[in-house]
Protein chains: 2
Amino acid sequence: MARKQGSHSGTTGPKVRAAALRLIARYGFAAVSMRQIATDVGVQVGALYNYTPDKQSLLYDLMHSHMAELLTAWDQEATAGTAFARLERFTRFHIRFHLPRADQVFVSYMELRNLSPDNFTKIEAMRRIYEDALDDILRAGEAEGQFIIADSRITTMGLIALLTGVSNWYRDDGRLSVGEIEKIYWDMVRKSVSA
Amino acid sequence: MARKQGSHSGTTGPKVRAAALRLIARYGFAAVSMRQIATDVGVQVGALYNYTPDKQSLLYDLMHSHMAELLTAWDQEATAGTAFARLERFTRFHIRFHLPRADQVFVSYMELRNLSPDNFTKIEAMRRIYEDALDDILRAGEAEGQFIIADSRITTMGLIALLTGVSNWYRDDGRLSVGEIEKIYWDMVRKSVSA
DNA sequence: GTCTATATGAGGATAGAC
DNA sequence: GTCTATCCTCATATAGAC
């Protein structure tokens, strides 16, 4: 039988977050109960409230962590260079970052409507920063004459939808490596904005 | 005060579906209660069960209707011709069909995981038929030498993600007409597969 | 076809013992 | 830090009156 009492500090917190992420990705925020999460972690429901003040905060933490990681990772990846080189960097980075994070991507996209208004505003602001990074690249390339783009904002939204869509079909045991997928998508992106 | 009794047959059924669609799109299937739907329609909760055997069937009906309409509309739109012409047709059709159906798109995409396994299988089969229509065009264009495509299946998924993404940012009162949006996306699609 | 009332169960969150 | 027990609200679905 499972242990009924005792301290397991240091591991329960991360376990709660991991269980919540996986369950919410699979069944949706509203469909997942705190009891389900507790069972998955191996504690009773009351114990969860040592790690989150409420269910909403748990969702926000998951989405905020994801966006913060994304922005930090891109900050470290972004470089100077031609718009062309920067766009390739962005394309490959986006795929490489998101592919191993299917649950985070799913939750961050699907559960926006379940954030409280305040939390939604904060997450949207982070998302906007990321979109603007691509928008900057596109406008730079247009100014340099490397790209022909009808509308940089729409192209930004289009390319991000295209690239994020990888998560819809990618499987770890699929026939293509991440590198091959990056290449295929980079070909499409490159051609779609080409002069 | 609202009427407490009486027959309103002929209108309640569609109203139930319309209310369910709008509420589910906004808050998610699991988060929307039958009571909310009933309130929105203006009846008591028990009355809903004259129009659906249960909540799950209501969701399935919404998604099935959407996919059936989509396939029927594409059947009427599809034409013979060069792969190039067929791809433009598909691109413009996809945007024109989906733009005025934001709620349906959202629900059909987001609530797949809330379908029962049987219902999921049926909806997925319909979705696959639509994807295959694009896949056929791409492979035809490749065979004719009009397109250069690394992998038709991945390109199919990529283009559908790109095109469906329009629903993420489109607003009825935005600065662009549907025709202008079709044009911008067709430029991207055309170039992305160009030889 | 709709209403009211109810059966039956699950939900988020909290209090207090250990 | 976790457990048990509980409060209070809400859920889906059904039964039977009108």
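One numbering rule holds for all chains: residues counted from 1, following each sequence as written. Whichever chain is written first is A, and whichever ligand is written first is 1; the rest continue in order. It should be noted that, the model being predicted, local features are given only for residues of pLDDT at least 70 and side-chain atom pairs only at 80 or more, the latter also being counted only at that level, while totals for whole chains, interfaces and linings use all residues. Calculated side-chain values reflect all of the structure's heavy atoms, with hydrogen atoms and water omitted.

Describing the overall build of chain A
Segments assigned H or I by DSSP are reported as helices when at least four residues long, segments assigned E as strands when at least two residues long, and all are numbered from the N terminus. Secondary structure assignment for chain A yields 10 helices and zero strands. Helices and strands in chain A line up, N terminus first, as α-α-α-α-α-α-α-α-α-α. In terms of principal-axis extent, the alpha carbons of chain A reach across some 65 × 40 × 30 Å. By residue count, 49% of the 195 residues in chain A fall in the buried class. Should any heavy atoms of two residues lie within 4.5 Å, those residues are considered in contact. Within chain A, contacts between residues at least 6 apart in sequence are counted, and of these 68% link residues at least 24 apart. Accessible surface, chain A: about 9600 Å² in total, of which carbon and sulfur atoms supply 52%. Positive charge is attributed to Lys and Arg, negative charge to Asp and Glu, and no charge count is given to His or to the chain ends. Charged groups are reduced to one reference atom each: NZ for lysine, CZ for arginine, CG for aspartic acid, CD for glutamic acid. The centroid of the 24 positive side-chain charges in chain A is displaced by 7 Å from the centroid of its 23 negative side-chain charges. Relative accessibility decides the category of a residue: with a 1.4 Å probe and only protein chains considered, values under 20% of the type maximum give buried, values over 50% give exposed, and everything between is partly exposed. Surface accessibility in these figures is a Shrake-Rupley result with a 1.4 Å probe; residues are shielded only by whichever protein chains are displayed.

Comments concerning the relation of the copies chain B and chain A
When chain B is brought onto chain A, the operation consists of a screw motion whose angular component is 180 degrees and whose axial shift is 0.0 Å, with 0.0 Å RMSD remaining. What the superposition gives is, in effect, a two-fold axis relating one chain to the other. With an isologous cut-off of 70% or more, the 100% of interface residues of chain B that recur at the interface of chain A puts this contact in the isologous class. When the copies are superposed, the least-squares fit draws on C-alpha atoms of residues that have pLDDT of at least 70 in both.

Some details on the interface of chain B and chain A
Opposite the 36 residues of chain B that make contact, chain A presents 36 residues. Once two parts are put together, the accessible area they lose, assessed with a 1.4 Å probe and summed over both, is termed the buried area. Looking only at chain B, the three residues that lose the most surface to chain A are B:Arg113, B:Ile154 and B:Lys191, adding up to 24% of its buried area. Every case where a carboxyl oxygen of Asp or Glu lies within 4 Å of a side-chain nitrogen of Lys or Arg is listed as a salt bridge. Along the contact surface separating chain B from chain A lie four salt bridges. Throughout this description, a polar contact denotes any pair of N or O atoms lying within 3.5 Å of each other; where both atoms belong to protein, one of them has to be capable of donating a hydrogen while the other can accept it, and for residues adjacent in sequence the pair is counted only when both atoms sit in side chains. Where chain B packs against chain A, one counts 14 residue pairs in polar contact (both at pLDDT 80 or more). Every element with two or more residues in the side of chain B that touches chain A is listed here: α1 (12-27), α6 (102-110), α8 (152-164), α9 (166-169) and α10 (178-192) of chain B. Counting residues per element, the side of chain B that touches chain A draws most heavily on α8(B), which supplies eight residues.

Structural notes on the environment of B:His66
Residues and elements named next belong to chain B. As for its position among the elements, His66 is in helix α4 (residues 55-77). On the basis of relative accessible area, His66 is assigned to the buried category, the value being 4%. Taking the C-alpha atoms as reference, His66 lies 20 Å from Leu159; in sequence the two are 93 residues apart. With residues up to four places along the chain from it excluded, the contact list for His66 reads Phe97, His98, Arg101, Gln104, Val105 and Ser108.

Considering the pattern of salt bridges
Residues and elements named next belong to chain A. The full count for this structure, using the stated rule, is 34 salt bridges over all chains. One salt bridge connects Glu77 with Arg89, and the closest N-O pair in it is separated by 3.8 Å. Residue Glu77 is found in helix α4 (residues 55-77), and its partner Arg89 is found in helix α5 (residues 83-98); the two are separated by 12 residues along the sequence.

Remarks on the domain arrangement of chain A
All names here are of chain A. What counts as a domain boundary in this text is fixed by an automatic or database domain assignment. Looking at the assigned domains, one finds that chain A contains domain 1 (1-52) and domain 2 (54-192). For domain 1 versus domain 2, the separation of C-alpha centres amounts to 29 Å. With 15 residues of domain 1 in contact, the opposing surface of domain 2 contributes 15 residues. Overall, the association of domain 1 and domain 2 removes approximately 1400 Å² of surface from exposure, summing both partners, and the carbon and sulfur fraction of that is 70%. Looking only at domain 1, the three residues that lose the most surface to domain 2 are Arg17, Leu21 and Phe29, adding up to 46% of its buried area. Summed over the shared surface of domain 1 and domain 2, the number is zero salt bridges. Between the two partners, domain 1 and domain 2, sit six residue pairs in polar contact (both at pLDDT 80 or more).

Side note on the environment of A:Glu77
All names here are of chain A. Look at Glu77 and you get buried, because its relative accessible area is 18%. Separated by 19 residues in sequence, Glu77 and Arg96 have C-alpha atoms that sit 11 Å apart. When residues no more than four places from it in sequence are discounted, the contact partners of Glu77 are Arg89, Phe93 and Arg96.

Considerations on helix α1 (residues 12-27) of chain A
It helps to recall that an α-helix has 3.6 residues per turn; residues three or four apart then point in one direction. Residue and element names in this part refer to chain A. In this model α1 runs 22 Å from its N-terminal to its C-terminal C-alpha over 16 residues, within 8% of the 22 Å that 1.5 Å per residue would give. Buried positions along α1 lie against α2 (34-41), α3 (45-48), α4 and α6 (102-110). Just beyond α1, the residue with positive phi is Gly28, at close to 95 degrees. By definition here, a helix of n residues has an expected span of 1.5 Å times n minus one.

So, α2(A)
All names here are of chain A. Listed as buried for α2 are Met34, Ile37, Ala38 and Val41. Take α2 and look down its axis: the buried residues cluster within an arc of 100 degrees, on one side only. Summarising the geometry of α2, the exposed residues directed more than 90 degrees from the buried face are Arg35 and Thr39. Check the buried side of α2 and you find it contacts α1, α3 and α4. Two residues or fewer past α2, Gly42 is found with a positive phi of approximately 100 degrees. This arc corresponds to the set of directions leading from the helix axis out to the C-beta atoms.

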